[in-house]
Amino acid sequence: MSILLERSVDKILAKEGRMKKATDDLRNEHEAIKLALRILDKMCIEIEKKGSADAEDTERMISFLKVFADKCHHGKEENHLFPALEAKGIPKEGGPIGVMLSEHTEGRDYIRKMGESITHEEKGTSVVSHQFIKHARGYIGLLSEHIEKENSVLFQMADERLSASDNEELLEAFEDLEEHVIGHGKHEELHTFLDAMEKKYLS
């Protein structure tokens, strides 16, 4: 989902007279991550067909997943949303939060292994095809199911328990994370990259 589409969602919410919730922001990011997963799958298909992939695109996609999906999106959840839900009585251990945290860790492992499957040689960069495909598809499967669980279960619980002031505080914390942890303008830059990759691989 592009930054323009994110803003259009905000306008729709305002028109309907509904305040934006913390989960609205996270759901928007889920749409962007799902788009990235579709692009990643197309990269895998191209590797299978051609025996190679655009090395620069592959590395940039891994970087996107590290920064946007993990550091930004999962950072918002782990540092802010999950503690807020624990404070509302949702247990970390033996509950949905614990499952989500475990899957975040598993996702990081897939991203690391994808990166390790890229080797640098004297004449440039090449992808170790079968290893990259294996870990990329593992990541795609994991994140697809993870997003569905959060959207249909955890975020529903959040919407039921978080007050207007809770949501306001979380949204402010999310903005602060984007500005000071991810970096000024980086969130928009990542969306621009994703739009370009969508045009290249999915149009």
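Higher on the page you've got the structure.
What counts, and at which threshold
- Residues numbered from 1 in each chain as written.
- Predicted model: local features only at pLDDT ≥ 70, side-chain atom pairs only at ≥ 80, totals over all residues.
- Heavy atoms only, no water.
- Helix = DSSP H or I, 4+ residues; strand = E, 2+ residues; numbered from the N terminus.
- Expected span 1.5 Å × (residues − 1).
- Salt bridge = Lys/Arg side-chain N within 4 Å of Asp/Glu carboxyl O.
- Buried < 20%, exposed > 50% of the residue type's maximum accessible area, 1.4 Å probe, protein only.
- Core = buried A, V, L, I, M, F, W, Y, C linked by side-chain atoms within 4.5 Å.

Caption draft 1: Structural context of helix α2 (residues 22-50). The end-to-end C-alpha distance of α2 is 42 Å, a good match for the 42 Å that 29 residues give at a rise of 1.5 Å each. Phi turns positive one or two residues past the end of α2, at Gly51, with a value near 85°.

Caption draft 2: Region of interest: the pattern of salt bridges. A complete count under the given rule lists 18 salt bridges for this structure. Salt-bridge contacts for Glu48 lead to Arg137; the nearest nitrogen and oxygen are separated by 2.8 Å. Taken together, the residues Glu48 in helix α2 and Arg137 in helix α5 (residues 129-161) connect sequence positions 89 residues apart. Judged by its relative accessible area of 32%, Arg137 is partly exposed.

Caption draft 3: Molecular detail of the nonpolar core. Ranked by size, the top nonpolar core spans 36 residues in total, and within it Leu40, Met61, Phe64, Leu65, Met114 and Tyr139 carry the most contacts. In terms of residue count, α2 provides more of this core than any other element does, 10 residues in total. Listed in part, the 16 residues of the second largest apolar core include Leu85, Ile90, Ile97 and Leu171.

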